[in-house]
Amino acid sequence: MTSKGDYKNKVEIEWCPGCGNFGILTSIKNALSGLDIPPHKILIVSGIGQSGKLPHYLRCNVFNGLHGRAIPPAIGAKVSNHDLNVIAVGGDGDMYGEGGNHFIHAVRRNPNITVIVHDNQIYGLTKGQASPTSDIGMKTKVQKHGVMHTPFNSLATAISLDCTFVSRGFAGDVKHLSGIIKQAIEHKGLSLVDVLQPCVTFNRLNTFKWYKERVYKLEETDYNPNDKTKAFEKSMEWGDNIPIGVFYKREGKPTFEDNLPVLESRTLVDQETDPSMADELMDGFT
């Protein structure tokens, strides 16, 4: 059996004391150990930001890429080696801002990967300017007169594009978040886990206390995650009541890998390479 200790490494954690990222890190360890996945079967891909440091604090395969570019190498790795459990992590700026184009088209393609977003509604690494999910009116050191733009609703966007697993968790409820991440990893297809992750240094509006007064669990209500219309309606709730849990789930939709004929017999990592085939391809362009 794999335990949480199997994922521990010796890298010193550099997050601020009390940061919501600690809850996400613990939840990922809980989910992986609960699924009994050994470290060598895991690949965690990240971009840039405080969230991008998370893979450094786990003992597993790691790829740290460019800002907003976690999803493309995650898809490439999964296409190459189906045996890997591939998780892409990033912040709301990383995934929805710089990487917004990759996020949207990854949902369309439905690769069998898990995307975990540390959604703290602020840019933490670059010291506190508004992010794509910051609330209207929120004042920062850059947005002196308050945020003017409508926040990006990742859940509604994902559901509208028929993402096969759409969920939201709260870093202040590790047990609940661990269960969501576990379901996301088990799901075949792209799984989105948007995590409400309070930034204790730069976001003094959306605090742990603020969220605890507002979040409620979908599974504790009369709710069916297979109803796409209801899921979209729930994704629009924000303010005094904020739902967390699995919003939408669809089984049986072909994954990106399923639609690639070259992978019908063997995954890329199991196929023999023939450099002469590349030469033939290049000759066709001359």
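Since we're looking at a predicted model, the values are computed, not measured. (Residues numbered from 1 in each chain as written. Predicted model: local features only at pLDDT ≥ 70, side-chain atom pairs only at ≥ 80, totals over all residues. Heavy atoms only, no water.)

Draft legend 1. Fine view of a nonpolar patch on the surface. A grouping of Leu281, Met282 and Phe285 is seen on the molecular surface, where their side chains present a nonpolar patch of about 390 Å² in accessible area. Position of Met282 among the secondary structure elements: in helix H9 (residues 275–283). (Patch = residues over 30% accessible without salt bridge, like charges linked within 9 Å, V, L, I, M, F, W, Y side chains within 5 Å. Areas by Shrake-Rupley, 256 points an atom, 1.4 Å probe, with all protein chains shown as cover. Salt bridge = Lys/Arg side-chain N within 4 Å of Asp/Glu carboxyl O. Helix = DSSP H or I, 4+ residues; strand = E, 2+ residues; numbered from the N terminus.)

Draft legend 2. The environment of Met138, seen in detail. Tracing the backbone through its elements, the reader meets Met138 in the loop between strand E4 (114–119) and helix H5 (154–160). Since its relative accessible area comes to 6%, Met138 is described here as buried. Setting aside residues no more than four positions away along its own chain, Met138 makes contact with Gln121, Ile122, Gln143, Gly146, Val147, Asn203 and Leu205. (Buried < 20%, exposed > 50% of the residue type's maximum accessible area, 1.4 Å probe, protein only. Contact = heavy atoms within 4.5 Å.)

Draft legend 3. Up close: the side chain of Asp135. Mapped onto the elements of the fold, Asp135 is located in the loop between E4 and H5. Buried within the structure, Asp135 lacks any salt-bridge partner; Arg214 is the closest side chain of opposite charge, at an N-O distance of 8.1 Å. One polar contact links Asp135 to Asn206, side chain to side chain, over a distance of 3.4 Å. Residues within four places of Asp135 in sequence aside, it is in contact with Gln121, Val147, Pro151, Leu205, Asn206 and Trp238. (Lys, Arg positive; Asp, Glu negative; His and termini not counted. Polar contact = N/O pair within 3.5 Å; in protein donor to acceptor, adjacent residues only side chain to side chain.)

Draft legend 4. Expanded view of helix H6 (residues 174–186). Spanning 13 residues, H6 covers 18 Å between terminal C-alpha atoms, matching the ideal 18 Å at 1.5 Å per step. Taken together, the buried positions of H6 are occupied by His176, Leu177, Ser178, Ile180, Ile181, Ala184 and Ile185. (Expected span 1.5 Å × (residues − 1).)

Draft legend 5. Representation of the layout of surface pockets. In this structure, the largest pocket encloses a volume near 280 Å³. What lines the largest pocket is a set of 18 residues, and nearest its centre among them are Pro151, Phe152, Asn153, Arg168 and Trp238. Going through the elements one at a time, H5 and strand E6 (191–196) are the ones with two or more residues in the lining of the largest pocket. Residues of the lining of the largest pocket, tallied by class, amount to seven nonpolar, six polar and five charged. Roughly 230 Å³ of volume is contained in the second largest pocket. Lining the second largest pocket are 19 residues, and of these Ile48, Gly49, Gln50, Tyr123 and Gly124 sit closest to its centre. The element best represented in the lining of the second largest pocket is helix H3 (residues 92–98), accounting for three residues. (1 Å grid on protein atoms, 1.4 Å probe; cavity = no way out; pocket = protein on both sides within 12 Å on 5 of 7 lines; lining within 4 Å. Points joined across faces, edges and corners; volume = space filled by probe spheres on them. Nonpolar A, V, L, I, M, F, W, Y, C, P; charged D, E, K, R; others polar.)

Honestly, that's just the spatial picture; any functional story needs more than this.
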